[in-house]
Amino acid sequence: MTFRRVFSYIFGLYLITLGVAFSIKSGLGSAPVSSIPYAMNLIWNIEIGIATFIFHSILVAIELILLRKDFKRKHFLQVFVGVLFGAFTSFSVSLMYFIPPAYNLYLAFVMSAVSILLIALGLFFYVPANIIPLSVEGVTQAIAIVTNKPFSTIKVCFDVCVVSTALILSYVFLGEFGSVGIGTILGALFIGTTVKFIHKLNLYLTGNHVDLKKM
C-alpha cells in the first residue's frame, strides 16, 4: 500500500465525481454511474445517498455470483466506498456553483464532453490502484474477467445496460426520461472508448501497460 497507489486511487475517484458534476451542470442528463440511483430518487423519493447504497449493494451481490471463490473479502468494502463517492460528489457539485450554467446547446455538449473525459481519466487512475473499486467498476471488472473481454469494451456494454435500466424505470413510473438525457447516452457510449484511448496513449508515451482487470 504505497503513497502513489493511495493517491492515484483517491485522485481518480475524485475525478469521476467531478465528471458527474459536469454532467449534471450540462443539463443533458446525469452520468451513467449515477443514472439508476437518481431514477430511484425521482420515482420512490428515496434519498440519493440511500439509493446509491442500495444500488452498490446489488452490484456487489452480482460480483459475488460472478466471481464465486475468486471474490475477495475486501470487495465487500465497495459498499462503503460509495459513501466516500457520495461525499466527493456533493463537494464537486458545490464547486459547479462557480461555473455559469450552459446557456446554449454547444456549451452543454462541451460540458458533457469534459464530463466523459474526466470520468474516463478517473477510471484510468483509480481502477489499476487495485485498492477498493466502486461496485460499478468492480462488477465491470468481474464481467471482463469472466468473459475474458477488454475492460473498456465491457465498460461500454455495462454503461449502456445501466442507462437503459434507468430509462425504462423512469419511463414506466414517471412517464418521462427522468435522469436520462443525451449526455447520459453519450457517456454510456464513449466513457469506455475514452478509457481505451487513454490506455493506448499512456502505453505509447510511457511504454507501461496498465492492467484494468486486476482485482
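Right above here is the structure, for reference.
As the structure is a prediction and not an experimental result, all values here were calculated from the model. (Residues numbered from 1 in each chain as written. Predicted model: local features only at pLDDT ≥ 70, side-chain atom pairs only at ≥ 80, totals over all residues. Heavy atoms only, no water.)

1. Some words on the packing of helix 6 (residues 135-147) against helix 7 (residues 151-174)
Applied cut-off: Geometry is summarised by axes, namely lines fitted to C-alpha atoms with helices restricted to the contacting stretch, and by angles between N-to-C directions that run from 0 to 180 degrees. Only runs of H or I of at least four residues qualify as helices and only runs of E of at least two qualify as strands under DSSP, and these elements are numbered from the N terminus. Geometric relationships in this document are graded by angle, where less than 35 degrees denotes roughly parallel, more than 145 denotes roughly antiparallel, 65 to 115 denotes roughly perpendicular, and other angles denote oblique. Left-handed describes a crossing in which the near helix is turned anticlockwise from the far one by less than a right angle; the clockwise case is right-handed. The contact definition used throughout considers only heavy atoms, calling two residues in contact when any of these lie within 4.5 Å. Amino acid classes used here: Ala, Val, Leu, Ile, Met, Phe, Trp, Tyr, Cys and Pro are nonpolar; Asp, Glu, Lys and Arg are charged; the rest, including Gly, are polar.
Following both chains from N to C, one finds helix 6 and helix 7 inclined at 120°, their axes separated by 9 Å at the closest point. In terms of orientation, helix 6 and helix 7 fall into the oblique class. The two elements helix 6 and helix 7 cross, and the hand of that crossing is right-handed. Along the contact surface, helix 6 presents Val136, Glu137, Val139, Thr140, Gln141, Ile143, Ala144 and Thr147, while helix 7 presents Phe151, Ile154, Lys155 and Phe158. The residue inventory of the contact of helix 6 with helix 7, partitioned by class, reads seven nonpolar, three polar and two charged.

2. Notes on the packing of helix 1 (residues 3-26) against helix 4 (residues 78-95)
Viewed as axis vectors pointing N to C, helix 1 and helix 4 meet at an angle of 50°, and their least axial separation amounts to 8 Å. Between helix 1 and helix 4, the interaxial angle falls into the category oblique. As helix 1 packs across helix 4, the resulting crossing turns out to be right-handed. In this structure, helix 1 contributes Tyr9, Ile10, Leu13, Tyr14, Ile16, Thr17, Leu18, Val20, Ala21 and Ile24 to the contact, and helix 4 contributes Val81, Leu84, Phe85, Phe88, Thr89, Phe91, Ser92, Val93 and Leu95.

3. Describing the environment of Phe124
Residue placement: Phe124 occurs in helix 5 (residues 105-126). Along the primary structure Phe124 and Ser164 are separated by 40 residues, whereas in three dimensions their C-alpha atoms are 24 Å apart. For Phe124, the contacting residues outside a window of four places in its chain are Ile198, His199, Asn202 and Val210.

4. Some words on unusual backbone geometry
In this structure, Asn45 takes a positive phi of about 60° despite not being glycine. With respect to the helices and strands, Asn45 occurs in the loop between helix 2 (32-44) and helix 3 (48-67). You will see that Asn148, though not glycine, has its phi angle at about 60°, which is positive. When you line up the elements, Asn148 lands in the loop between helix 6 and helix 7.

5. What about the nonpolar core?
Rule in force here: Note on terminology: a nonpolar core comprises buried Ala, Val, Leu, Ile, Met, Phe, Trp, Tyr and Cys residues joined through side-chain atoms within 4.5 Å. Any residue under 20% of the maximum accessible area for its type is buried, any over 50% is exposed, and the rest in between are partly exposed; the area is computed with a 1.4 Å probe on protein chains only.
Judged by nonpolar contacts, the single largest core of 47 residues is most densely connected at Tyr9, Leu13, Phe85, Leu123 and Tyr126. Sorting the residues of this core by element identifies helix 1, helix 2, helix 3, helix 4, helix 5, helix 6, helix 7 and helix 8 (182-206) as the ones contributing at least two each. The leading source of residues in this core is helix 1, at nine residues. Setting aside anything within four residues of it in sequence, one finds Tyr9 in contact with Val81, Tyr126, Ala129, Ile131 and Ile132. Residues Val60, Leu67, Phe71 and Ala142 belong to the second largest nonpolar core, which totals five residues.

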